[in-house]
Amino acid sequence: MKIIVLGAGPCGLGAAYHLDKLGHNSWQLFERNSNVGGLSASFIDDKDFTWDIGGHVLFSHYTYFDKAVAEALGDAYYEHQRESWIRILQTWVPYPFQNNVRHLPTEALQECVEGLRKLQGDPSQTTNFREWMDTIFGSGIVKFFMEPYNRKVWGVVLETMSKEWIAERVSVVDLGRIERNITEQRDDLSWGPNNTFKFPKQGGTGAIYEGIARPLGDRIHLNHEMVSIDPDAKRVSFANGRVEPYDVLINTPPLDLLVAACCALPETVRAAAENLVHNSGLIVGLGIEERRDDSKCWMYFPESNSPFYRVTNFHNYSPFNVPGGDTRRYSSLMCETTYSSYKSVDKADIVDRTVQGLHASGMIDGPQIQRIVSRYLIDIPYSYPVPTLGRDGALSMIQPWLESRDIYSRGRFGAWKYEVGNMDHSFMQGVEVVERLFAGGNEPTLNGRV
Ligand SMILES: Cc1cc2nc3c(=O)[nH]c(=O)nc-3n(C[C@H](O)[C@H](O)[C@H](O)COP(=O)(O)OP(=O)(O)OC[C@H]3O[C@@H](n4cnc5c(N)ncnc54)[C@H](O)[C@@H]3O)c2cc1C
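Residues numbered from 1 in each chain as written. Predicted model: local features only at pLDDT ≥ 70, side-chain atom pairs only at ≥ 80, totals over all residues.

Quick notes on the overall build of the protein chain
So, step 1. Tallying secondary structure elements over the protein chain gives twelve helices and 19 strands in all.
So, step 2. Over its C-alpha atoms the protein chain spans a radius of gyration of 22 Å, differing by no more than 12% from the 22 Å that the globule rule assigns to 450 residues.
So, step 3. Within the protein chain, buried positions represent 47% of all 450 residues.
So, step 4. Looking at the protein chain alone, contacts between residues at least 24 apart form 74% of all its contacts between residues at least 6 apart. (Helix = DSSP H or I, 4+ residues; strand = E, 2+ residues; numbered from the N terminus. Rg over C-alpha atoms; globule rule 2.2 N^0.38 Å. Buried ≥ 20, exposed ≤ 12 C-beta atoms within 10 Å, placed from the backbone. Contact = placed C-beta atoms within 7 Å.)

Quick look at the sheet that holds strand E9 (residues 220-221)
The strands that make up a sheet pair up through hydrogen bonds in the backbone, lying either parallel or antiparallel.
So, step 1. Pairing is parallel in the open sheet, where five strands are placed in the order E9-E2-E1-E13-E19. For this open sheet the edge positions go to E9 and strand E19 (407-409), each flanked by a neighbour on one side alone.
So, step 2. Pairing geometry for strand E1 (residues 3-6) and strand E13 (residues 248-251), over four bridges, is parallel. Bridge pairing in E13 links Ile3 to Val248. (Pairing = 2+ DSSP bridges.)

Details of the nonpolar core
So, step 1. Formed by 122 residues in total, the largest nonpolar core has its most connected members in Val5, Leu13, Ala15 and Val311.
So, step 2. Looking at this core, you find at least three residues from each of domain 1 (3-41 + 205-275 + 388-439) and domain 2 (84-183).
So, step 3. Those residues in contact with Val5 that lie beyond four places of it in its chain are Gly12, Ala15, Ala16, Trp27, Leu29 and Ile250. (Core = buried A, V, L, I, M, F, W, Y, C linked by C-beta atoms within 7 Å. Domains from an automatic or database assignment.)

Quick word on the packing of helix H1 (residues 10-22) against helix H12 (residues 423-439)
So, step 1. Running from N to C, H1 and H12 cross one another at 40°; their axes reach a closest spacing of 7 Å. By the angle class used here, H1 and H12 are oblique. Handedness of the crossing formed by H1 with H12: right-handed. Judged by residue contacts, Pro10, Cys11, Gly12, Leu13, Gly14, Ala15, His18, Leu19 and Leu22 of H1 engage Met423, Ser426, Phe427, Met428, Gln429, Gly430, Val431, Val433, Val434, Glu435 and Phe438 from H12. (Axes fitted to C-alpha atoms, helices over the stretch in contact; angles between N-to-C directions. Parallel < 35°, antiparallel > 145°, perpendicular 65-115°, else oblique. Left-handed = near helix turned anticlockwise from the far one by under 90°.)

Describing the domain arrangement of the protein chain
So, step 1. For the protein chain, the domain assignment lists domain 1 (3-41 + 205-275 + 388-439) and domain 2 (84-183).
So, step 2. Distance from the C-alpha centre of domain 1 to the C-alpha centre of domain 2: 36 Å.
So, step 3. Across the contact, five residues belong to domain 1 and seven residues belong to domain 2.
So, step 4. Partitioning the side of domain 1 that touches domain 2 into residue classes produces two nonpolar, one polar and two charged. (Nonpolar A, V, L, I, M, F, W, Y, C, P; charged D, E, K, R; others polar.)

What about the site of the ligand?
So, step 1. If you check the shell around the ligand, you find 35 residues, and the closest are Gly7, Gly9, Gly38, Gly54 and Gly411.
So, step 2. If you list the elements that add at least two residues to the shell around the ligand, you get H1, strand E18 (372-386) and H12. (Near = placed C-beta within 6 Å.)

Thoughts on unusual backbone geometry
So, step 1. Note the cis peptide between Tyr95 and Pro96, where omega equals 0°.
So, step 2. Topologically, Pro96 is positioned in the loop between strand E7 (91-94) and helix H3 (106-117).
So, step 3. Phi is positive for Lys234, close to 55°, though the residue is something other than glycine.
So, step 4. Here the phi dihedral of Ala264 falls at roughly 55°; this positive angle occurs in a residue that is not glycine.
So, step 5. Its location among the elements puts Ala264 in the loop between helix H7 (255-261) and helix H8 (267-273).

So, helix H9 (residues 350-360)
So, step 1. Within H9, the full set of buried residues consists of Ile350, Arg353, Thr354, Val355, Gly357 and Leu358.
So, step 2. Those residues of H9 hidden inside the fold are in contact with strand E14 (277-288), strand E17 (331-339), helix H10 (366-370) and E18.
So, step 3. Positive phi shows up at Gly362, right after H9, with a value of about 75°.

Considering helix H11 (residues 391-404)
So, step 1. With 14 residues, H11 should cover 20 Å at 1.5 Å per step; its first-to-last C-alpha distance of 20 Å lies within 8% of that length.
So, step 2. Elements that come into contact with the buried residues of H11 comprise H7, H8 and E19.
So, step 3. With its phi angle positive at about 65°, Asp406 sits one or two positions after the end of H11. (Expected span 1.5 Å × (residues − 1).)

A short note on the pairing of E7
So, step 1. The sheet contact formed by strand E6 (residues 84-88) and E7 spans four bridges and is antiparallel. By the bridge assignment, Trp85 is partnered in E7 with Pro94.
So, step 2. The loop that links E6 with its antiparallel partner E7 comprises two residues; one of these, Leu89, has a positive phi angle of about 50°.

Notes on the sheet that holds strand E11 (residues 235-238)
So, step 1. Overall, antiparallel pairing links the three strands, which are arranged E10-E11-E12 in an open sheet. The sheet is open, and its two borders are formed by strand E10 (226-230) and strand E12 (243-245), each paired with just one other strand. Averaged over all pairs of adjacent strands, the angle between strand axes in this sheet comes to 20°, irrespective of strand direction.
So, step 2. Across three bridges, E11 lies against E12 in antiparallel orientation.

Below is the structure:
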């Protein structure tokens, strides 16, 4: 069985890693870029600051993934306690917002608690994400945080999103617990799967995937952009003119682009792909020649005085994210802004608007603006696969047709399932599809059984 894997992000590398572990020899991986890692790659700018493609933190649901990471990094990583905060109404509220509303100014706090006391409706009867929010969080929390933050991060009309993806992605609410937190003036911080996380000492998140790719050697072909696929002849063509036959194709680039690249496709499949919605992102890295004493890891920004929805104190993840590892002299902020067909953002001035937003939200002052020594912009055309109401219907048209042609599309955008689209999930989708091909497994991650 000759297997071709497209894409050297976590998913493609997961497939390759497992093929290698199984001792299967007839496989090759082709990647468009000149580096591995995909959305989990890292870059060093010309001032020697390291940047991820947005704040990546490593946490895992799988011992198999942990083993691969351990082989890649050895002990060259730091382990951090999550410290995430929300900047709102000129104050800081620890994450998750709903458990820590006691930090809000009194009026806003009362509105949030009132909203919870007056909760109405059955969440299971709601038909979309926006309605679901109202029945779970109440009007105050929705008004101050849930609605503006989610509008900013998703960049779509929230009524068009489903609620089925939520599970462990959003901390839901326990009124008794919130009231106790208010009475006892207690911070409630420990929710969630990522309350501790690892980060590579050198080279940013991308170091994990470089480490995983290294032993796979020359089976990984960089600078090979897939441009078309003939599913009947089972051939994939690349921009550089190379053509490769395959028995099985594992695709990890975005599913809508795969469909567009396939010739002789039924109209129903092509039309279904038009229902796949994604947003895009602009990552602005700002290197500052000044020490920053702020233990927060990442911060959420729901308000409209900044373009970004999240900022990471990236120098806190590893000192080597700044020049010479010198955090007494340098700090680095990484800021993420969403754009989409519903939410346009002017790329020409996003760096300036990011700096203004940091100033408006009290993150940096005038003299610190003068000490910005590096401005780094990354444009990511595919950032979040949006779990829309039409997504599952579209996937149920596309995926069976592809699989009937021995094409398996997996990973964050390959499978288009945000709820299983993190690094660990994506890596394991690659592992599990290979396992299915050789041992008949049932791909638990893809099927939501994480
Ligand atoms: C802003 C942001 C923050 C994130 N934060 C976290 C986090 O904190 N923790 C976490 O676990 N995950 C996080 N993620 C998710 C993480 O980046 C993904 O889970 C992971 O990179 C997905 O891996 P993948 O291999 O499925 O896809 P990708 O990483 O997208 O890899 C796909 C690969 O296919 C290649 N490719 C595309 N088109 C072609 C073509 N035509 N021919 C050949 N190759 C092609 C691409 O160049 C790329 O290398 C974040 C993502 C974003 C966008």
